[in-house]
Amino acid sequence: MKRAIELSKKGIGYTYPNPLVGAVIVKDDRIIGEGYHAEYGGPHAEINALKNAKEDVTGATMYVTLEPCSHYGKTPPCVNAIVKSGIKKIVIGMKDPNELVSGRGIEILLKNGIEVEVGILEEDVKKLNEIFIKYITTKQPFCIMKTAMTLDGKIATVTGDSKWISNELSREYVHEIRHRVSGVMVGIGTVLKDNPLLTTRLKNKKGRDATRIVVDTKGRIPLEARVLNLNKDSDAKTIIALTELARKEKLKVLKDMGADIIVTPIKDNKVDLKYLMKALGDRGIDSVLLEGGGTLNYSALNEGIVDKVISFISPKIIGGDKAKSPVGGMGIRHIDDAIKLQDIKVFQLNEDVVIEGCIRR
């Protein structure tokens, strides 16, 4: 199963909105076939493992990270091919949370005399597919909040200088995350200050650009902003989320430039983030990387839309009472009410320390 999980990771960034799945076929204590889901619309892991088998799979055991599908989607049901193959046993990491599949694939396998074992390294498989699980069960994106700060908790100096707090390896890691998610979100403040591209730039492979999402309550985005003028360099869309406080003339111009417009209700004089997340889910966006400043980060945490936090901490000290921190806003009054993380993972990227954790509900 560990090998199947490693294989599944090869599909990161390419299977959206499908899950990451790996499969291994074992016969007489030997691996005779391997496969993974390589891209959306392509053959599933089980089919690739069967195609790649070096010998007859009759009587073999298949290890697969996710319950084989039992419905027609972009491809035929995998259970049909497994039943025909002569496989005698299936070891499954976790049941598919998709209501079109959940338990049905297992039921078909059992009815056809195939032994089934479920729940092997289940927590590892769930972590691997946290985006898919959230989206398929709620139809809303899995939201990751990324921050980069100094040792004394600053995201910029008192002059606003922030390039670069984190090191090059940490920035490469962020682009790996961009490659995996289907949306990258910033606030209008970040656009006005940094004029970012929000594209994916990887060293050793071609990255997939996520949809760019700008939270812009009053429609202040400059028409020359780079996120609005990437047609030659990126085929990903740009979404501007605003409210009725934006001028209708500006909305028309933005639409004419090719931007997708989402008008949300006004909440606390800002874009309604919960409404926005539902609208993004309706557009098929299964995950969002939040790369905004302290104002947007606080609003996102306060509205409860954040699922995971990734914080890069650089061993630098810059000080300054007016230097900004990763989370602004009104703040929390009592320590007991602090937002807490669970499933903590801590590692280093050269001198930077990275802390990842999911929001404890």
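Computed from a prediction, not measured in an experiment: that's the story for all the values here.

Take the domain arrangement of the protein chain next. Along its sequence, the protein chain is organised into domain 1 (1–128) and domain 2 (139–359). For domain 1 and domain 2, the distance between their C-alpha centres works out to 35 Å. Contact with domain 1, which involves eight residues of that partner, is made by eleven residues of domain 2. Here domain 1 and domain 2 share an interface that buries about 780 Å² over both sides, 47% of which is from carbon and sulfur atoms.

The residue Ser-311 is located in strand E14 (residues 308–314) in this model. A polar atom in the side chain of Ser-311 sits 3.2 Å from the side chain of Thr-147. Not counting chain neighbours up to four residues away, the residues in contact with Ser-311 comprise Thr-147, Met-149, Val-353, Val-354 and Ile-355.

By the secondary structure assignment, Ile-90 is in strand E4 (residues 89–94). Sequence separation between Ile-90 and Glu-291 is 201 residues; the distance between their C-alpha atoms is 41 Å. Sequence-distant contacts of Ile-90, that is, excluding residues within four places in its chain, are made with Met-62, Val-64, Ile-82, Leu-109, Ile-114, Glu-115, Val-116 and Glu-117.

Another point: the pairing of E4. Counted residue by residue, E4 has six buried out of six residues, so it is predominantly covered. Two elements, strand E3 (residues 61–66) and E4, share five bridges in a ladder whose sense is parallel. Bridge pairing links Tyr-63 to Val-91 in E4. Sheet topology note: the E4/strand E5 (residues 115–118) ladder contains four bridges and is parallel. By the bridge assignment for E5, Lys-89 is matched with Glu-115.

On to the packing of helix H3 (residues 78–85) against helix H4 (residues 104–111). Relative orientation of the contacting elements H3 and H4 amounts to 20°, with a least axis distance of 10 Å. Relative to H4, the element H3 lies roughly parallel. Viewed along their axes, H3 and H4 form a crossing whose handedness is right-handed. Listed contacts from H4 to Val-79, Ile-82 and Val-83 of H3 are Gly-105, Ile-108 and Leu-109. Grouping the constituent residues of the contact of H3 with H4 by class yields five nonpolar, one polar and no charged.

The element E3 is extensively covered by neighbouring structure, given that five of its six residues are classed as buried. Relative to E3, strand E1 (residues 22–27) runs antiparallel, the two being bridged by four bridges. What sits directly across from Val-24, in E3, is Tyr-63.

Further remarks concern the sheet that holds strand E13 (residues 287–290). Spatially, nine strands are ordered E10-E9-E8-E7-E13-E6-E14-E16-E15 in an open sheet, and the strand pairing comes out mixed. Every other strand in the sheet has two partners, leaving strand E10 (260–263) and strand E15 (341–349) as the edge strands with one partner each. Neighbour to neighbour, the strand axes of the sheet diverge by 20° on average, direction disregarded. As paired strands, strand E6 (residues 142–150) and E14 are joined by seven bridges and run parallel to one another.

Every buried residue belonging to helix H6 (residues 130–138) is among Glu-130, Ile-131, Phe-132, Tyr-135 and Ile-136, and all of these are buried. Downstream of H6 by one or two residues, Lys-139 has phi in the positive range, about 60°.

Thresholds applied
- Residues numbered from 1 in each chain as written.
- Predicted model: local features only at pLDDT ≥ 70, side-chain atom pairs only at ≥ 80, totals over all residues.
- Heavy atoms only, no water.
- Domains from an automatic or database assignment.
- Contact = heavy atoms within 4.5 Å.
- Buried area = accessible area lost by both parts, 1.4 Å probe.
- Helix = DSSP H or I, 4+ residues; strand = E, 2+ residues; numbered from the N terminus.
- Polar contact = N/O pair within 3.5 Å; in protein donor to acceptor, adjacent residues only side chain to side chain.
- Buried < 20%, exposed > 50% of the residue type's maximum accessible area, 1.4 Å probe, protein only.
- Pairing = 2+ DSSP bridges.
- Axes fitted to C-alpha atoms, helices over the stretch in contact; angles between N-to-C directions.
- Parallel < 35°, antiparallel > 145°, perpendicular 65-115°, else oblique.
- Left-handed = near helix turned anticlockwise from the far one by under 90°.
- Nonpolar A, V, L, I, M, F, W, Y, C, P; charged D, E, K, R; others polar.

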